[in-house]
Amino acid sequence: MKIMPMIAASSATARQFTLTNAFGMRVTISERGAALVSWLAPDRYGRMADILLGYPDHEQLRLNGKLHNAWFGAIIGRWANRIAHGRFMLDGRVVQADVNDRGNLLHGGEAGFHAAHWEGELAHGGLALSYVSPDGQGGFPGTLAVQVFYQLDDDGSLSIEYQATCDAPTPVNLTSHPCFNLNGGSADVGDHMLRIDADDYLVTDAVGIPVRRASVAGTPFDFRQPAAIGPRMRWPEPQIGMAGGFDHCYCLPSDPREPRRLRNVACVVDPGSGRQLDVSTTEAGLQFYSGNGLTGIRGRNDVTYSRHDGFCLEAGAYPDQLNHKSAAAVILRPGQVYRQTTVYRVSLQT
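Thresholds applied
- Residues numbered from 1 in each chain as written.
- Predicted model: local features only at pLDDT ≥ 70, side-chain atom pairs only at ≥ 80, totals over all residues.
- Heavy atoms only, no water.
- Buried < 20%, exposed > 50% of the residue type's maximum accessible area, 1.4 Å probe, protein only.
- Helix = DSSP H or I, 4+ residues; strand = E, 2+ residues; numbered from the N terminus.
- Pairing = 2+ DSSP bridges.
- UniProt positions renumbered as here; feature names shortened; annotations may be inferred.
- Contact = heavy atoms within 4.5 Å.
- Core = buried A, V, L, I, M, F, W, Y, C linked by side-chain atoms within 4.5 Å.

Quick notes on the pairing of strand E27 (residues 338-348)
In step 1: Within E27, eight of the 11 residues are buried, leaving the element largely enclosed by the surrounding structure.
In step 2: As defined by bridge partners, strand E14 (residues 157-166) adjoins E27 across eight bridges and the pair is classed as antiparallel. Of the residues in E27, the one forming a bridge with Tyr-162 is Gln-340.

Quick notes on the UniProt feature "active site" (unreviewed entry) in the chain
In step 1: Per the UniProt annotation, the sites labelled "active site" (unreviewed entry) are His-177 and Glu-314. Across 138 residues in sequence, these annotated residues keep their C-alpha atoms within 6.1 Å of one another, forming a single compact spot.
In step 2: Its location among the elements puts His-177 in the loop between strand E16 (175-176) and strand E17 (193-196).
In step 3: The residues contacting His-177, other than those within four sequence positions of it, are Ala-70, Trp-71, Phe-72, Gly-73, Ala-74, Ile-76, His-107, Cys-312 and Glu-314.
In step 4: One can find Glu-314 in strand E25 (residues 312-316).
In step 5: Residues in contact with Glu-314, not counting those within four places in the same chain, are His-107, Thr-175, Ser-176, His-177, Gly-285, Leu-286, Gln-287, Tyr-289 and Tyr-344.

Details of the nonpolar core
In step 1: Ranked by size, the top nonpolar core spans 63 residues in total, and within it Trp-39, Trp-118, Tyr-150, Ile-196, Tyr-250, Phe-288 and Leu-313 carry the most contacts.
In step 2: If near-sequence neighbours (up to four positions away) are discounted, Leu-313 is found in contact with Leu-194, Ile-196, Ala-266, Val-268, Val-279, Leu-286, Gln-287, Phe-288 and Tyr-344.
In step 3: Counting 12 residues, the second-largest nonpolar core is a separate cluster that includes Trp-79, Val-95, Phe-140 and Ala-317.

Some thoughts on the pairing of strand E13 (residues 144-152)
In step 1: Alignment of strand E12 (residues 126-133) against E13, held across seven bridges, turns out to be antiparallel. By the bridge assignment, Leu-127 is partnered in E13 with Tyr-150.
In step 2: Sheet topology places E13 next to E14; nine bridges connect them, and they run antiparallel. Bridging across to E14, Leu-144 finds its partner in Cys-166.
In step 3: From the end of E13 to the start of E14, which pair antiparallel, there are four residues, and Gly-156 there has a positive phi angle of about 90 degrees.

Concerning the UniProt feature "binding site: beta-D-galactose" (unreviewed entry) in the chain
In step 1: What UniProt calls "binding site: beta-D-galactose" (unreviewed entry) maps, in this numbering, to Asn-81, Arg-82 and Asp-247. Judged by maximum C-alpha separation, these annotated positions cover 167 residues in sequence but sit close together in space, the widest gap being only 11.4 Å.
In step 2: In this fold, Arg-82 is placed in strand E7 (residues 82-83).
In step 3: Judged by relative accessible area, Arg-82 falls into the buried class, the value being 6%.
In step 4: When residues no more than four places from it in sequence are discounted, the contact partners of Arg-82 are Asp-101, Arg-102, Leu-105, Leu-106, Val-207, Gly-208, Ile-209, Asp-247, Pro-319 and Asp-320.
In step 5: With respect to the secondary-structure elements, Asp-247 resides in strand E21 (residues 247-251).
In step 6: With sequence-adjacent residues up to four places away left out, Asp-247 is seen in contact with Arg-82, Gln-287, Phe-288, Tyr-289 and Asn-292.

Set out below in structure tokens:
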């Protein structure tokens, strides 16, 4: 039987809520950035540990995405991932959004959703968080009203459902940015076994902008069969060397008859703890990031993170899709509703 969520803590600026399931799993979420703050989950011996990287206190969370490019646990928008030069065409005119990463827009810019105060409300056995992004914020046109709904089920599934409406045409690409370490931080994620069900990935230039689609076959990007993350980062592959690890979007297969169907697309297993993370999504892309920029970030329990201490699997549209032939698919117009669902399920390896 599902245990109803409880408000765990509050502060002068943002409340935090904790969702708990019948088996003691606990997920804490902040109104600051609608961010996943912690996720306590048992290992094969029943020992609980936090499988998310995070900041030591609320003040650091308030600066999420500013002091460091970590965005721990936050909801990302209006545009997740990158836009080349922050520039795109919309209905025949050039739109210039903010730039914050080597001349490009990354994760909505400094005024992105990760920096916003969201209004939280316990409802329907979960947590609903709402935010209204005003016209012109971050350079994006139109007012965008967004709601994100979190629900934790007894099977360890944390579902994230997104909805958004607008009053003028605007690009929308939302994602969640949890940074996982399934061993609870006892080591880096090099021995985590990763599977991604994708035949192709996007090759990038030196600043992370896609330049072409390529097959994963014969490359370190081939995770169609489970493989340890660490050894793949030591391959003499220019793409890996340029990014300092993985920071690439995988092109997820879909059924053309049901392109928005929720399907399982990735799985990660930590051999030591036995914890397993499954990712399901309705989206076309999955960004795999191997924590290349974590060095020096101060985390919880007086821990200073190092490179590859965590990983992210971020579901959304393709990076820089606004500057390619499929741009129309990521433009939301008045009267339409943007919808996205991603589910992270934590269980024990069978």
